[in-house]
Amino acid sequence: MHGRPYVLAETNWKAVKDTDFELAVLPWGATEAHNYHLPYNTDVVQCDRIAAEAARIAWESGAKTVVLPTVPFGVNTGQFDIKLDLNLNPSTQLAVLRDICAVLEHQGIRRLLILNGHGGNDFRQMVRELCIQYDLFVCTTDWYRWIDPDLFEEVGDHAGEMETSLMQFFAPEWCLPLSEAGDGHERKFKIGALRDGLAWSQRLWTEATADTGIGDPKASTADKGQRCFEHVSTRLGAFMAELAAADPDDMYE
């Protein structure tokens, strides 16, 4: 049985050498605690599965898309005190992206989509740097911005209903029962502008939450997770197909 030709980790040189890939997709997650009940690789699993399914949809529509291996480390400077939450500084992320862009440019793959699955990552300023350094069209999106919030009673910010539902669907054997989960209560900033989003600072996770979660997972179900997965993957797959077909030198109407 052969691997999926649009997932680099599963395919082989025999297939790759004869395929003119139009779009590379780089999923980027994190390794961190997700309340008491979800595994540390939650962001990696979600990003990996959604990237692959969206790429399948794009591939089957004719788009030569390839999903690169998911990066498992994200920016966790606000979670430095939580045991085994692993941090990769933004400057390190930029160095990794530069190396990947250099390879893609050299090999003639002119489109790169960074598919982000972790709230602490923000690649937009990095894209500004990369786009003037390489002959590539680079863009980024957070997969969770493509969800239908009406699927959930309360989406949640971290290990809440949405993420828990997805993991109940993807890897139920790695999830503890909901009776083991904390309620995900968030302690907000005292200063109004920070609390309301007019100003921003990173949250110190050990002060903002007692169980490392933000958002109550109690209404989570695997069925909600499956519906969310299918909805997001379908939308992202259409975007990948459109991006793969676009001329990087003619992107504006």
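Preceding this section is the structure that the text describes.
This section reports on the structure supplied with the text. None of these values were measured; they are calculated from a predicted model.

What counts, and where the lines are drawn
- Throughout this description, residue numbers start from 1 for each chain and increase along the sequence as written.
- Predicted model: local features are reported for residues with pLDDT of at least 70 only, side-chain atom pairs are reported and counted for 80 or more only, and whole-chain, interface and lining totals are derived from all residues.
- To get the side-chain values, all heavy atoms of the structure are used, and hydrogens and water are removed first.
- Two strands qualify as a pair provided that DSSP identifies no fewer than 2 bridges between them.
- Here a helix means four or more residues in a row that DSSP labels H or I, a strand means two or more in a row labelled E, and each is numbered from the N terminus.
- Axis lines are fitted to C-alpha atoms, over the contacting stretch for helices. Their N-to-C directions set the angle, which ranges from 0 to 180 degrees.
- Two residues form a contact once any of their heavy atoms are found within 4.5 Å.
- By convention, the crossing between two helices is left-handed when the near helix turns anticlockwise from the far helix through less than a right angle, and right-handed when the turn is clockwise.
- Type-normalised accessible area, obtained with a 1.4 Å probe on protein chains alone, sets the label of each residue: buried when under 20%, exposed when over 50%, and partly exposed for intermediate values.
- The salt bridge definition used is simple: a Lys or Arg side-chain nitrogen within 4 Å of an Asp or Glu carboxyl oxygen.

1. Looking at the sheet that holds strand 1 (residues 23-28)
Here is step 1 of the chain: If you walk across this open sheet you meet the four strands as 2-1-3-4, and the pairing is parallel. At either margin of the open sheet sits one strand with a lone partner, and together these are strand 2 (65-67) and strand 4 (137-142). When strand polarity is set aside, the average angle formed by the axes of neighbouring strands in this sheet is 20°.
Here is step 2 of the chain: Across three bridges, the pairing between strand 1 and strand 2 is parallel. Paired with Val25 across the two strands is Val67, which belongs to strand 2.
Here is step 3 of the chain: Where helix 3 (residues 90-107) meets the sheet, its contacts fall on strand 1, strand 3 (111-116) and strand 4, and the angle it forms with strand 1 comes to roughly 160°.
Here is step 4 of the chain: Where helix 4 (residues 124-131) meets the sheet, its contacts fall on strand 3 and strand 4, and the angle it forms with strand 4 comes to roughly 175°.

2. Overview of the packing of helix 3 against helix 4
Here is step 1 of the chain: Where helix 3 meets helix 4, the axes come as close as 10 Å, and the angle between the chain directions of the two elements is 40°. In terms of crossing hand, the pair formed by helix 3 and helix 4 is right-handed. Here Pro90, Gln93, Leu94, Leu97, Arg98 and Cys101 of helix 3 come into contact with helix 4, specifically with Met126, Glu129 and Leu130.

3. Thoughts on unusual backbone geometry
Negative phi values dominate among residues other than glycine, just as trans dominates among peptide bonds.
Here is step 1 of the chain: Its identity is not glycine, yet Asn35 carries a phi of approximately 55°, on the positive side.
Here is step 2 of the chain: Relative to the helices and strands, Asn35 resides in the loop between strand 1 and helix 2 (42-60).
Here is step 3 of the chain: For Asn35, a relative accessible area of 6% puts it in the buried group.
Here is step 4 of the chain: For Thr212, which is not glycine, the phi torsion reads 75° and is therefore positive.

4. Topic: the environment of Ala58
Here is step 1 of the chain: Mapped onto the elements of the fold, Ala58 is located in helix 2.
Here is step 2 of the chain: On a C-alpha basis, the gap between Ala58 and Arg227 in space is 19 Å, while along the polypeptide they are 169 residues apart.

5. Overview of the pattern of salt bridges
Opposite charge on two side chains makes pairing possible when the charged atoms of those side chains draw close.
Here is step 1 of the chain: Throughout the structure, instances matching the rule amount to 17 salt bridges.
Here is step 2 of the chain: We note a salt bridge from Lys17 to Asp18, for which the minimum N-O separation is 3.3 Å.
Here is step 3 of the chain: The partner of Asp122 in a salt bridge is Arg124, and the shortest N-O contact between them spans 3.0 Å.

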